Amino acid sequence: MIDLRRLRVLRAVAHYGTVTAAARALHFTPSAASQQIRQLGRELGVDLLEPHGRRVRLTPAARTLLEHADAIEARWEQAESELCAQDGEPAGLLRVCGFPVAVSTLLAPTAAALRDRHPRLTVRITETEPHGSFDLLFEREADLAIVEAVPGAPPPGDARFDQRPLLDDPFDLVVPDTHPLARRRRVDLAEAAGEDWVVPLPDSTCHAHTLTACGAAGFTPAIAHHALAWEAIAALVAHRLGVALVPRLAHLPPHLPVVRVPCAGNPSRRLLTCTRRGGRERPAVAAALEELRRIAPAAV
């Protein structure tokens, strides 16, 4: 019989990219993690690791085995979901996670509604960056996440995760309330080509969204300032230090003298709900998804 715990180590190496990172996530030493995979290979009569420079990597046989390992994990998740569903009523602990705006505008009201409707259910929220949500789901530290569809994230067909659309979050042009564009009902981004711009930090997804939207409008923004929080970006705009693209879900301080102007072409980002494959029908998860689908349209 194959030791399924060793399959878990193999899946972790594939997920995190290196034996060292997988060992850290599993609280193993790198040598212990490597030994687990080698022992699994001996049980199956194949090599699962091969030298790659100073490191090792998974062999083609390991990649084939991973397809079955992911399927086994999904079936086990489905079995747990069906067993939980026998009781029917959502109960126990539900762990949800998402990036900051998703937490404040979607997950917080969802948790409050679930608390009122299902008193036997406890919801625990964790704020994380978009890619961190996939790690928490993989590590079974979260049951449901709100993620953004971005390059570099697991693709929709990834066998480990079940990702489905929740909403499209439009980007608005934010300008000072004295700006000529502030009186417009809709603006073509090309009209802001000559402006200074305030944009999110370079390693953020919204930085890429700004560059993509401006590029589609035919220009490269003249970046004057970078900021992390949407409140900080709005404050810089309020002081007439530039304009910015801000997702509609992001709440801006109401006292700031800034105006949101919808953009022609509707640049937006797509938000998804994500669970482990096979875990969507768990009663607590299903209840949270139902509440999210109710809340999401009104949020934008």
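Because the structure is a prediction, the values reported are computed rather than measured.

**Details of the overall build of the protein**
Move 1: Per the secondary structure count, the protein includes 9 helices and 11 strands.
Move 2: Overall size of the protein, expressed as C-alpha extent along the three principal axes, is 70 × 55 × 30 Å.
Move 3: Burial status across the protein gives 47% buried among its 300 residues.
Move 4: In the protein, once contacts between residues fewer than 6 apart in sequence are set aside, the share between residues at least 24 apart is 72%.
Move 5: Put simply, the protein shows about 15,300 Å² of open surface, and 53% of that area lies on carbon and sulfur atoms.
Move 6: Of the side chains in the protein, 35 bear a positive and 35 a negative charge, and the two mean positions are spaced by 2 Å.

**What to know about unusual backbone geometry**
Move 1: Positive phi is not limited to glycine here, since His27 has a value of about 65°.
Move 2: One can find His27 in the loop between helix H2 (19-26) and helix H3 (30-44).
Move 3: Positioned with a positive phi, Arg240 is a non-glycine residue whose angle comes to about 60°.
Move 4: With respect to the secondary-structure elements, Arg240 resides in the loop between helix H8 (230-238) and strand E9 (244-247).

**Regarding the packing of helix H1 (residues 4-16) against H3**
Axis angle and axis distance: for two packed helices, these are the angle between their axes and the distance between the axes, and together they describe the pair.
Move 1: Remark: H1 packs on H3, axes separated minimally by 9 Å, with the N-to-C direction vectors making an angle of 120°. In terms of orientation, H1 and H3 fall into the oblique class. When the axes of H1 and H3 are compared, the crossing they make is left-handed. Across from Arg6, Leu7, Val9, Leu10 and Val13 in H1, the residues of H3 making contact are Ala33, Gln36, Ile37, Gln39, Leu40 and Glu43.

**Side note on empty space enclosed by the protein**
Move 1: With the rule as written, the count across this model stands at 1 cavity of 30 Å³ or more.
Move 2: Its boundaries defined by the atoms lining it, the largest cavity holds a volume of some 30 Å³.
Move 3: Around the largest cavity, the lining residues are Leu94, Val96, Leu107, Thr110, Ala111, Leu114, Val123 and Ala288.
Move 4: Within the residue set of the lining of the largest cavity, elements represented by two or more residues are strand E3 (92-98) and helix H5 (100-117).
Move 5: With 4 residues, H5 is the single largest residue contributor to the lining of the largest cavity.
Move 6: For the lining of the largest cavity, the class distribution of residues is 7 nonpolar, 1 polar and no charged.

**Some thoughts on H3**
Move 1: The first and last C-alpha atoms of H3 sit 21 Å apart over 15 residues, in line with the 21 Å expected at 1.5 Å per residue.
Move 2: Residues of H3 that are buried include every one of Ala33, Ser34, Ile37, Leu40 and Gly41, and no others. Within H3, the buried residues cover an arc of 120° as seen down the axis, which keeps them to one side.
Move 3: For H3, the secondary structure elements touched by its buried residues are H1, H2, strand E1 (49-52) and helix H4 (60-85).
Move 4: Immediately beyond the C-terminal end of H3, within one or two residues, lies Gly45, with a positive phi of roughly 75°.

**Quick word on the packing of H1 against H4**
Move 1: One can describe the packing of H1 onto H4 by two numbers: an axis separation of 10 Å at closest approach and a directional angle of 110°. Relative to H4, H1 is oriented roughly perpendicular. Here H1 and H4 pass one another in a crossing that is left-handed. In this structure, H1 uses Leu7, Leu10, Arg11 and Ala14 to contact H4, whose residues at the interface are Ala62, Arg63, Leu65, Leu66, Ala69, Asp70, Ile72 and Glu73.
Move 2: Partitioned by chemical class, the residues of the contact of H1 with H4 number 8 nonpolar, no polar and 4 charged.

**Some points on the pairing of strand E11 (residues 268-276)**
Move 1: In terms of residue burial, E11 counts as a mostly covered element, since 7 of its 9 residues are buried.
Move 2: Two strands pair when backbone bridges link them, and strand E5 (residues 144-148) and E11 are joined in this way by 4 bridges, in the antiparallel orientation. Note that in E11 the partner of Ala145 across the bridge is Cys274.
Move 3: Pairing geometry for strand E6 (residues 161-176) and E11, over 9 bridges, is antiparallel. Looking at the pairing, Pro165 lines up with Leu272 of E11.

Thresholds, definitions, all that
Residues numbered from 1 in each chain as written. Predicted model: local features only at pLDDT ≥ 70, side-chain atom pairs only at ≥ 80, totals over all residues. Heavy atoms only, no water. Helix = DSSP H or I, 4+ residues; strand = E, 2+ residues; numbered from the N terminus. Buried < 20%, exposed > 50% of the residue type's maximum accessible area, 1.4 Å probe, protein only. Contact = heavy atoms within 4.5 Å. Areas by Shrake-Rupley, 256 points an atom, 1.4 Å probe, with all protein chains shown as cover. Lys, Arg positive; Asp, Glu negative; His and termini not counted. Charge placed at Lys NZ, Arg CZ, Asp CG, Glu CD. Axes fitted to C-alpha atoms, helices over the stretch in contact; angles between N-to-C directions. Parallel < 35°, antiparallel > 145°, perpendicular 65-115°, else oblique. Left-handed = near helix turned anticlockwise from the far one by under 90°. 1 Å grid on protein atoms, 1.4 Å probe; cavity = no way out; pocket = protein on both sides within 12 Å on 5 of 7 lines; lining within 4 Å. Points joined across faces, edges and corners; volume = space filled by probe spheres on them. Nonpolar A, V, L, I, M, F, W, Y, C, P; charged D, E, K, R; others polar. Expected span 1.5 Å × (residues − 1). Arc of directions from axis to C-beta. Pairing = 2+ DSSP bridges.

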